[in-house]
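As a plain string of letters, each chain reads:
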Amino acid sequence: MNALRAFRDAYNRSYNKRPIFTLCVTNCVLGAISDSLAQGITYYDYRKNHKRFPEIMDKQLPENVREHEDLWPPPPAYDPFRTVRFAFYNFCIAPIVGKWYMVLDRYFPMPAAGAALASTRAKDIIAIKRMAVDQAFFAPSSLAVFFTVMGLAETGKWAAVKEKFHDAYKPALVANYTVWPLVQLVNFKLMPLQYRLPFVSTLGILWNAYLSWINSATREEAKAIESQLV
């Protein structure tokens, strides 16, 4: 407990001095953990069961993304460049997410303390409004940015971005709406501003692993199709 308290205090001191930089580093580290987890599970499943994805992912990844899976090369034990791309993306996106949460606080402020019941109801309504706006606008646009950045970082070609949108964007958005509304409702109601991004990034380690899987699958599928055309 003392270690956790010391870590919390150090985080708060850093956030008070350098809020954006603190969010960037925190998000970068959690992004690296997510991708490393995704790669580790992929390698383990392939070595043990000759499967690339855990069973739950088999149901989440669309069939067209894995149509030529038998042509994909064996996964490496670890691809550090993939982790670097993912971590760097999380580092760069953190200021945008942090500012977005500030905007939501500004336009949907929590009510001043008053009667307990009235205050609780008002907080619930404000949290729902924040969540609804976040999921209506930020969720789809952040996924669009993710697949655009990853497509360009991996190949430098807009054709790769189009393929990711065609194959992965819609399934990822549907998956988002099965997970994040409830998480964000809790986040906006209970979490202080400085903890919101770390909260969603920590709970989102498996979500980011899912994004890493689906992004990697679209890349390998595109390579397999391209090899057939050569």
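Anyway, here's the lowdown on the structure attached to this text. Keep in mind the model is a prediction, meaning the values are calculated, not measured.

Description of the overall build of the chain
Argument step 1. In terms of regular secondary structure, the chain is built from 8 helices and 0 strands.
Argument step 2. Put simply, the chain runs from its N terminus to its C terminus through helices and strands in the order α-α-α-α-α-α-α-α.
Argument step 3. Along the first, second and third principal axes, the C-alpha set of the chain runs to 70 × 35 × 35 Å.
Argument step 4. By residue count, 42% of the 230 residues in the chain fall in the buried class.
Argument step 5. Split by element, the accessible area of the chain, about 12800 Å² in all, is 67% carbon and sulfur.

Quick word on helix α1 (residues 2–17)
Argument step 1. Counted at 1.5 Å a residue, the expected span for α1 with its 16 residues is 22 Å, and the 23 Å between its end C-alpha atoms agrees.
Argument step 2. Of all the residues in α1, the buried ones are Tyr11, Asn12, Ser14 and Tyr15. Burial along α1 is one-sided: seen end-on, the buried residues are contained in an arc of 165°. Exposed and facing more than 90 degrees away from the buried side of α1 are Asn2, Arg13, Asn16 and Lys17.
Argument step 3. Considering only its buried residues, α1 is in contact with α2 (19–49), α4 (80–107) and α7 (193–203).

A word on the packing of aromatic side chains
Argument step 1. With the rule as written, the count across this model stands at 10 aromatic pairs.
Argument step 2. On the basis of an interplanar angle of 20° and a centroid distance of 5.3 Å, the ring pair of Phe165 and Tyr169 is categorised as stacked. Taken together, the positions of Phe165 and Tyr169, both in helix α6 (residues 158–190) and 4 residues apart, correspond to about one turn of that helix.

Topic: the packing of α2 against α4
Argument step 1. Running from N to C, α2 and α4 cross one another at 145°; their axes reach a closest spacing of 7 Å. As α2 packs across α4, the resulting crossing turns out to be right-handed.
Argument step 2. Each residue belonging to the contact of α2 with α4 can be placed in one class, and the counts come to 13 nonpolar, 8 polar and 3 charged.

Overview of empty space enclosed by the protein
Argument step 1. One pass over the full model with this rule turns up 3 cavities of 30 Å³ or more.
Argument step 2. Volume-wise, the largest cavity comes out at about 470 Å³.
Argument step 3. Lining the largest cavity are 24 residues, and of these Val97, Phe138, Ser142, Trp207 and Asn208 lie nearest its centre.
Argument step 4. Only α4, α5 (116–155), α6, α7 and α8 (205–229) provide two or more residues apiece to the lining of the largest cavity.
Argument step 5. Per element, the largest residue contribution to the lining of the largest cavity is 7 residues, and it comes from α5.
Argument step 6. Grouping the constituent residues of the lining of the largest cavity by class yields 14 nonpolar, 9 polar and 1 charged.

What about the state of the cysteines?
Argument step 1. By the definition in use, this model includes 0 disulfides.
Argument step 2. The thiol of Cys28 is unpaired, and the distance to the nearest cysteine sulfur, on Cys24, comes to 8.8 Å.
Argument step 3. Note on Cys92: no disulfide assigned, nearest cysteine sulfur contributed by Cys24 at a separation of 7.5 Å.
Argument step 4. Owing to a relative accessible area of 38%, Cys92 belongs among the partly exposed residues under this scheme.

Overview of the environment of Thr155
Argument step 1. Relative to the helices and strands, Thr155 is located in helix α5.
Argument step 2. With relative accessibility at 39%, the residue Thr155 sits in the partly exposed group.
Argument step 3. On a C-alpha basis, the gap between Thr155 and Arg219 in space is 9.1 Å, while along the polypeptide they are 64 residues apart.
Argument step 4. Of the polar contacts made by the side chain of Thr155, one reaches the backbone oxygen of Gly151; its length is 2.9 Å.
Argument step 5. Of the polar contacts made by the side chain of Thr155, one reaches the backbone nitrogen of Lys157; its length is 3.1 Å.

Conventions adopted
- Residue positions are counted from 1 within each chain, in the order its sequence is given.
- Two thresholds apply to this predicted model, a pLDDT of at least 70 for residue-level local features and 80 or more for giving and counting side-chain atom pairs, whereas whole-chain, interface and lining totals are computed over all residues.
- Side-chain measures here rest on the full set of heavy atoms in the structure, leaving out hydrogens and waters.
- Numbering of helices and strands starts at the N terminus; helices are DSSP runs of H or I of at least 4 residues and strands are runs of E of at least 2.
- Think of it in three bands: with a 1.4 Å probe and only protein chains considered, a residue is buried below 20% of the maximum accessible area for its type, exposed above 50%, and partly exposed in between.
- Per-residue and other accessible areas were derived by the Shrake-Rupley procedure at a 1.4 Å probe size, with only the shown protein chains allowed to occlude residues.
- To estimate how far a helix should extend, the number of its residues minus one is multiplied by 1.5 Å.
- Regarding the arc, it is the one traced by the directions from the helix axis to the C-beta atoms.
- We call two residues in contact whenever any of their non-hydrogen atoms come within 4.5 Å of each other.
- Aromatic contacts are taken between Phe, Tyr and Trp rings whose centres are within 6.5 Å, Trp giving its six-membered ring; a plane angle under 30 degrees counts as stacked, one over 60 as edge-to-face, and the others as tilted.
- Helix axes are fitted only over the stretch in contact, all axes being lines through C-alpha atoms; the angle between N-to-C directions runs from 0 to 180 degrees.
- Note: crossing handedness is left-handed where the near helix turns anticlockwise from the far helix by less than a right angle, and right-handed where it turns clockwise.
- Residue polarity follows a fixed list, in which Ala, Val, Leu, Ile, Met, Phe, Trp, Tyr, Cys and Pro are nonpolar, Asp, Glu, Lys and Arg are charged, and the others, Gly among them, are polar.
- Buriedness of a pocket was judged along seven lines, with at least five required to meet protein on both sides within 12 Å; pockets are open sets of points on a 1 Å grid over the protein atoms alone, cavities are sets where a 1.4 Å probe fits but cannot get out, and lining residues have an atom within 4 Å of a point.
- Grid points are joined across faces, edges and corners, and a volume is the space filled by probe spheres set on the points.
- Note on terminology: disulfide denotes any pair of cysteine sulfur atoms within 2.5 Å.
- For this analysis, a polar contact is any N or O atom pair within 3.5 Å, provided that within protein one partner can donate a hydrogen and the other can accept it, and provided that sequence-adjacent residues contribute only side-chain to side-chain pairs.

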